[in-house]
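If you want the building blocks of each chain, they are given just below.
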Amino acid sequence: MKVNFAVTAACVLGILYFSQSVMQPIVTALVLSLALAPLIRAMGRVGLSRVNATFAALGLVIVAFVGAMAVLGANVMALSSDLPQYSAEIRAKTKRLEKMVQHPLARLAPTLMDSAPAAAAPEAGPRPLPVEIRERTSTRDAIAKAIGVVSGPLGEAFLVLVLLIFILLDRENLRDRLLRLVGQRDVSRTIQGLEDAAEGVSRFFFTQLVLNLTFGVVIGLALWLIGIPHAALWGSLCAALRFVPYIGALIAGASIALFAAAVDPGWTLAVYAMVLFLMLELLVAHVIEPRVYGQSVGMSPLAVIVSALFWGAIWGPLGLLLSTPLTLCIVVAGRYIKSLEPLSILFAEAPHADAAQRFHHRVLSGEADAIIDDARVFLRKATLARYCDKVLLPGMALASSGLLSRQVDQFRATVAMVADTLAAGQAKGSGRGRRVSLLNENIGAHLRHRREERLGRWQGSLDVPARSVILSTALPAMREEFVSELLVLVFREAGLDARSYVINPGAGQDDDPGADQLISTVFVSYPVESSLDAWTAAVAELRSALPDVPLATVRPRQDVKVEQSLVAAQVDLVLQSFEEALAFVAPRPPG
């Protein structure tokens, strides 16, 4: 299997590299057709036919491109009248730089000559004369050479335009042929993949256009403020060259620095211009672009860079231009084609893992701070009850099912740190979790003892209204106590007076004066198969101690082996999640 994959990958790379002249125009036309598809659909909604909408969109894009080139050319012509004085300043500064470099070399020359060995005596006899062969070129050869230079890029552009027109006019037929190739079973997946690719590519080009135009406007205004002439030209040049990844920004920066050096007799203006450009470029290239492009096209920032390196090595400058759209198409295809799924997992903005799986991975790695950061983001939009239902409990179930012996202590310490942070209310603030030392104490007991340290033995005052306390109980076991404490955290976050209690069947209960009058609801942790008898006895004791109080339990969705009917016979209500439990004790007011 691995050999077949390697052979297939090598064949694909070979085809991409050795068939550049054929593949580049076709791929460029296909990518541009995906980019223009939303514009054509928008014109179709206005009432234009498919053909008219296609040519209208093409005409609009061509007019915009030609107009931009015309404005840029006009600015270049305006600059050309000032070039003589600028070139004279450049020559003067070049001479000054040569003198600055030659001066220290001249001081070192005598020392170098004394230490150097004596040169060999020149050989006697006449020196050979260099011979230079010049070929006479006719006018016809010169014209043919000029036509070849011009017709290369123009011919390729015309070929891409022709292919683009045919693809846009015949896109429905091409789509039907592609659907016939993939088979009738995968029609819905293929159509969804094409729509996702078209949406992603169009979003990328729109984002790139807006970002580069904004960068050009900002750099133009900044250059104008520091006194550089023709600032609009340099802003337009930066906006245009930034469509060429990496190399375009270098060319734009070097041009601005050279022009600033030519304008000012000193070096102050050139230094200001270079510092200004570098600050803006670094901010955009390393902070804004990776995040904006990653969010707009569904690719990770690293994938944007890796795709540019790969396609640039395969197809050169055109590969750089098309790197992100091509990789985006591969990422989208990986969602629907099994063989391309690894590439989609590696390059997608978010890996194919839900929040619980990410919790699982990070808790095994001991990355408690990362878990807390994720929890902080989650809790800005949702409740702690939903976080426990969707992330914490499912993630712990995934992690605990395959722990190695050396990972147990790390697992307990990480979960304890996260739970301790949640209990302290730091997940919504800016604080980090504190390292927790459990010693021989389980996580639930640790959380309960921390609350007792803050609020006293009864975890709060007993001078409270009747039927205002929610009691969460559990047998003395790690899992049950932890779930019970999480339920208390959920209720307390909602502003309810919730307290926890550990049941010891057969042992004397603590003196709790008036508890039966204060408690409104009792929650008992859902039993595990090994302790079902002890749980049944504990529930019976709760029934006898608090006969008038409703008794409920929350059935976890992970690793449940005890039949719900056996539990439902012992309690008044079996709830399916922490959110249901919260809604039961604190129902929302109507409206």
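Source: prediction; values computed, not measured.

Quick notes on the overall build of the protein
Item 1. The helix and strand inventory of the protein stands at 22 helices and five strands.
Item 2. Looking at the protein residue by residue over its 591 residues, the buried ones come to 36%.
Item 3. Taking contacts inside the protein between residues at least 6 apart in sequence as the whole, the part at least 24 apart equals 73%.
Item 4. When the accessible area of the protein is evaluated, it comes to approximately 34800 Å², of which 64% is carbon and sulfur surface.

Regarding the packing of helix 13 (residues 355-365) against helix 14 (residues 368-381)
Item 1. Where helix 13 meets helix 14, the axes come as close as 8 Å, and the angle between the chain directions of the two elements is 155 degrees. Our classification of the angle between helix 13 and helix 14 gives roughly antiparallel. Contacts between helix 13 and helix 14 involve Phe359, Arg362 and Val363 from the first element and Ala370, Ile371 and Asp374 from the second.
Item 2. In the contact of helix 13 with helix 14, the residues fall into four nonpolar, no polar and two charged.

Topic: the packing of helix 16 (residues 408-423) against helix 17 (residues 443-455)
Item 1. Where helix 16 contacts helix 17, the axes come no closer than 10 Å and their chain directions differ by 30 degrees. Classified by the interaxial angle, the pair formed by helix 16 and helix 17 is roughly parallel. Crossing hand, helix 16 versus helix 17: right-handed. Each of Arg412, Val415, Ala416, Ala419, Asp420 and Ala423 in helix 16 lies in contact with helix 17, whose residues at this interface are Ile443, His446, Leu447, Arg450 and Arg454.
Item 2. Along the lines of polarity and charge, the residues of the contact of helix 16 with helix 17 split into six nonpolar, one polar and four charged.

Regarding the side chain of Ser33
Item 1. Counting through the fold element by element, Ser33 comes out in helix 2 (residues 20-46).
Item 2. With relative accessibility at 8%, the residue Ser33 sits in the buried group.
Item 3. From its side chain, Ser33 meets the backbone oxygen of Leu30 in a polar contact 2.5 Å long.
Item 4. Each residue touching Ser33, except ones within four places of it in the same chain, is listed here: Leu164, Ile167 and Leu168.

Examining the UniProt feature "transmembrane region" (unreviewed entry) in the protein
Item 1. Within the UniProt annotation, "transmembrane region" (unreviewed entry) is assigned to residues 53-78, 146-169, 209-231, 243-263, 269-288 and 297-314.
Item 2. In residues 53-78, helix accounts for 100% and strand for 0%; the two terminal C-alpha atoms are 37 Å from one another.
Item 3. Helix makes up 78% of residues 209-231 and strand 0%, whereas the separation of the span's terminal C-alpha atoms amounts to 20 Å.

Quick look at the sheet that holds strand 5 (residues 573-575)
Item 1. Strand order in the open sheet formed by five strands is 2-1-3-4-5, with parallel pairing between adjacent strands. The two strands at the open ends of the sheet, each matched to only one other strand, are strand 2 (497-502) and strand 5. Shown here is a sheet whose adjacent strand axes are inclined to one another by a mean of 30 degrees, direction ignored.
Item 2. Where strand 3 (residues 519-524) and strand 4 (residues 551-554) come together, two bridges link them in parallel fashion. Paired with Phe523 across the strands is Ala552, a residue of strand 4.
Item 3. The strands touched by helix 22 (residues 578-585) are strand 1 (469-474), strand 3, strand 4 and strand 5; relative to strand 3, the strand with the most contacts, the crossing angle is about 165 degrees.

A short note on the packing of aromatic side chains
Where two aromatic rings form a pair, the distance of their centres and the angle of their planes describe that pair.
Item 1. Within this structure, the stated rule accounts for six aromatic pairs.
Item 2. The interplanar angle of 80 degrees and the centroid separation of 6.1 Å between the aromatic rings of Phe215 and Phe277 together place this pair among those described as edge-to-face. Taken together, the positions of Phe215 in helix 7 (residues 187-225) and Phe277 in helix 10 (residues 268-297) put the pair 62 residues apart, joining distant regions of the chain.
Item 3. With 5.3 Å between their ring centres and 50 degrees between their planes, Phe491 and Phe523 make a pair best called tilted.

Some remarks on a nonpolar patch on the surface
Item 1. On the surface, Ile62, Phe65, Val66, Met69, Phe158 and Leu161 cluster together into a nonpolar patch covering about 570 Å² of accessible area.
Item 2. Counting residues per element, the ones that place at least two in the nonpolar patch are helix 3 (50-80) and helix 5 (139-169).
Item 3. In terms of residues, the nonpolar patch owes the most to one element, helix 3, which gives four residues.
Item 4. Inspection of the secondary structure puts Phe158 in helix 5.
Item 5. On the basis of relative accessibility, which here comes to 56%, the residue Phe158 falls in the exposed class.

Comments concerning the confidence of the model for the protein
Item 1. Chain-level statistics for the protein give a pLDDT mean of 76 and a share of 75% at 70 or above.
Item 2. Segment residues 426-433: pLDDT under 50, and 24 contacts once partners within four positions in sequence are set aside and those in other chains are kept.

Considerations on the pattern of salt bridges
Item 1. Taken as a whole and assessed by the stated rule, the structure comprises ten salt bridges.
Item 2. With a closest N to O distance of 2.8 Å, Asp373 and Arg376 form a salt bridge. Of this pair, Asp373 and Arg376 both sit in helix 14, three residues apart, which is roughly one turn of that helix.
Item 3. The class of Asp373 is partly exposed, set by a relative accessible area of 23%.
Item 4. Arg479 is the salt-bridge partner of Glu480, the closest N and O atoms lying 3.6 Å from each other.

Conventions used here
Residues numbered from 1 in each chain as written. Predicted model: local features only at pLDDT ≥ 70, side-chain atom pairs only at ≥ 80, totals over all residues. Heavy atoms only, no water. Helix = DSSP H or I, 4+ residues; strand = E, 2+ residues; numbered from the N terminus. Buried < 20%, exposed > 50% of the residue type's maximum accessible area, 1.4 Å probe, protein only. Contact = heavy atoms within 4.5 Å. Areas by Shrake-Rupley, 256 points an atom, 1.4 Å probe, with all protein chains shown as cover. Axes fitted to C-alpha atoms, helices over the stretch in contact; angles between N-to-C directions. Parallel < 35°, antiparallel > 145°, perpendicular 65-115°, else oblique. Nonpolar A, V, L, I, M, F, W, Y, C, P; charged D, E, K, R; others polar. Left-handed = near helix turned anticlockwise from the far one by under 90°. Polar contact = N/O pair within 3.5 Å; in protein donor to acceptor, adjacent residues only side chain to side chain. UniProt positions renumbered as here; feature names shortened; annotations may be inferred. Pairing = 2+ DSSP bridges. Phe/Tyr/Trp six-rings, centres within 6.5 Å; stacked < 30°, edge-to-face > 60°. Patch = residues over 30% accessible without salt bridge, like charges linked within 9 Å, V, L, I, M, F, W, Y side chains within 5 Å. Salt bridge = Lys/Arg side-chain N within 4 Å of Asp/Glu carboxyl O. pLDDT = per-residue confidence, 0-100.

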